[in-house]
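A closer look at the structure
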Amino acid sequence: MHLPDIELHEAATLQEAAAVKRRYAPDARLLAGGTDLLVDLKAGRVTAGHLVSVNRIDALRGVSETDGSLCIGALTTITQLHSSPIVGQRFSPILDATGKMAAPQIRNVATVGGNIACAVPCADLPPILTAIHASVALWSPKGERSVPLEAFFMDARQTVLRDDEVLTGVLVPKPRPGFGAAYARFALRDGNAIAVAAVAAGLTLGRDNTVRNACIVLGAVAPIPKVVEAAQTLLVGEHADEEVFNAAAVAAMEAAEPISDVRGSADFRREVVGVMTRRTLATACRRAKENAA
Ligand SMILES: Cc1cc2nc3c(=O)[nH]c(=O)nc-3n(C[C@H](O)[C@H](O)[C@H](O)COP(=O)(O)OP(=O)(O)OC[C@H]3O[C@@H](n4cnc5c(N)ncnc54)[C@H](O)[C@@H]3O)c2cc1C
């Protein structure tokens, strides 16, 4: 596997990135950490004669908090996200994903924006970010827009991103009192192994332990992060206990659209979804109680 001949352009601003990309369209692609794109270029899964690096645009880097909401710049690496005190203290369910992804060497260069924009079905951040109601900020020379992550993915490796758009950041709303979330993934080994199946759950509990709001999102078992609508309907209004979590797990297994490949059969993946759904709901429920008003 060799990289084909490619010209690298280093943009200093978003405007410059957009202009260079437009000049060489459709033969140009944005480059962030390159941990996904360079592998795809070497494997011939994608082609590009020009890469437009956004790595010099410092405004796209960093983690901050505004009015209790979390703002993550697209160029923030997985390591930076994982070690952010803001994330550790107030958005800790994200750590369930960042602590498991790839290996330290990859996490040091892989970016949050790249993990979302690549739209690979087994990517770890999209399910948990969807379960905690994140949205992405998209910039183009024509203006900016915000898209809930739930509406961002269209198919495997396809998103609503337009050719002239750059994903500039992720916004996670302030967690409400009584909200808890969790993410779990199964992989064949601990390091540098992509998820075989993954589940994220977000729950809001009332004082009486009744589920007020629920969101279950599956990863690696459908072309896009799959929101399990039926599980949400089953959970809302019910007392948060093992019985209702088991029912939600069955709904999640039914909603999954797994494939069979070298990492596991479709049946195995479906079983894992059931186990992970029960586990993440139990963890989200515990965290929701800890976060009660
Ligand atoms: C050995 C190995 C192990 C891995 N393990 C995991 C794992 O366990 N879990 C996991 O989720 N991923 C894993 N990955 C995949 C990859 O590391 C991540 O998806 C990473 O977050 C991609 O980010 P990047 O910055 O490297 O993206 P890049 O490779 O630079 O870009 C990926 C795609 O997104 C586009 N893009 C990047 N940034 C933007 C932007 N700001 N706006 C618009 N488009 C953009 C690019 O044009 C490209 O199409 C692994 C990769 C390797 C090589």
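Report on the accompanying structure. (Residues numbered from 1 in each chain as written. Predicted model: local features only at pLDDT ≥ 70, side-chain atom pairs only at ≥ 80, totals over all residues. Heavy atoms only, no water.)

Of regular secondary structure, the protein possesses 11 helices and 14 strands. Against the compact-globule benchmark of 19 Å for 293 residues, the protein has a radius of gyration of 19 Å, which places it among compact chains. Projected onto its principal axes, the C-alpha positions of the protein cover 60 × 45 × 30 Å. Every one of the 293 residues in the protein was classed for burial, and the buried ones make up 51%. At a minimum sequence separation of 6, the contacts of the protein that also span at least 24 residues come to 59%. (Helix = DSSP H or I, 4+ residues; strand = E, 2+ residues; numbered from the N terminus. Rg over C-alpha atoms; globule rule 2.2 N^0.38 Å. Buried < 20%, exposed > 50% of the residue type's maximum accessible area, 1.4 Å probe, protein only. Contact = heavy atoms within 4.5 Å.)

Here we come to the sheet that holds strand 6 (residues 135-140). With antiparallel pairing, the five strands of this open sheet are ordered in space as 4-5-10-6-7. The outermost strands of the open sheet, each flanked by one partner alone, are strand 4 (63-66) and strand 7 (143-148). The sheet shows a mean angle of 25° between the axes of neighbouring strands, direction not considered. Sheet topology note: the strand 4/strand 5 (residues 69-73) ladder contains four bridges and is antiparallel. Opposite Val63, over in strand 5, you have Ile72 as the bridge partner. (Pairing = 2+ DSSP bridges. Axes fitted to C-alpha atoms, helices over the stretch in contact; angles between N-to-C directions.)

Another point: unusual backbone geometry. Geometrically, the link from Ala25 to Pro26 is a cis peptide bond, its omega value of 5° lying close to zero. Tracing the backbone shows Pro26 in the loop between helix 1 (14-24) and strand 2 (28-31). One non-glycine residue, Arg157, lies in the positive phi region at around 60°. Secondary-structure assignment places Arg157 in the loop between strand 8 (153-155) and strand 9 (158-159).

If you walk through the whole model with that rule in mind, you get one cavity of 30 Å³ or more. Considered as a void within the structure, the largest cavity measures approximately 50 Å³ in volume. Lining the largest cavity, in full, are Ala119, Val120, Pro121, Ala123, Pro126, Pro127, Phe153, Gly219, Pro223, Ile224 and Pro225. (1 Å grid on protein atoms, 1.4 Å probe; cavity = no way out; pocket = protein on both sides within 12 Å on 5 of 7 lines; lining within 4 Å. Points joined across faces, edges and corners; volume = space filled by probe spheres on them.)

Function-wise, these values are silent; they only describe arrangement.
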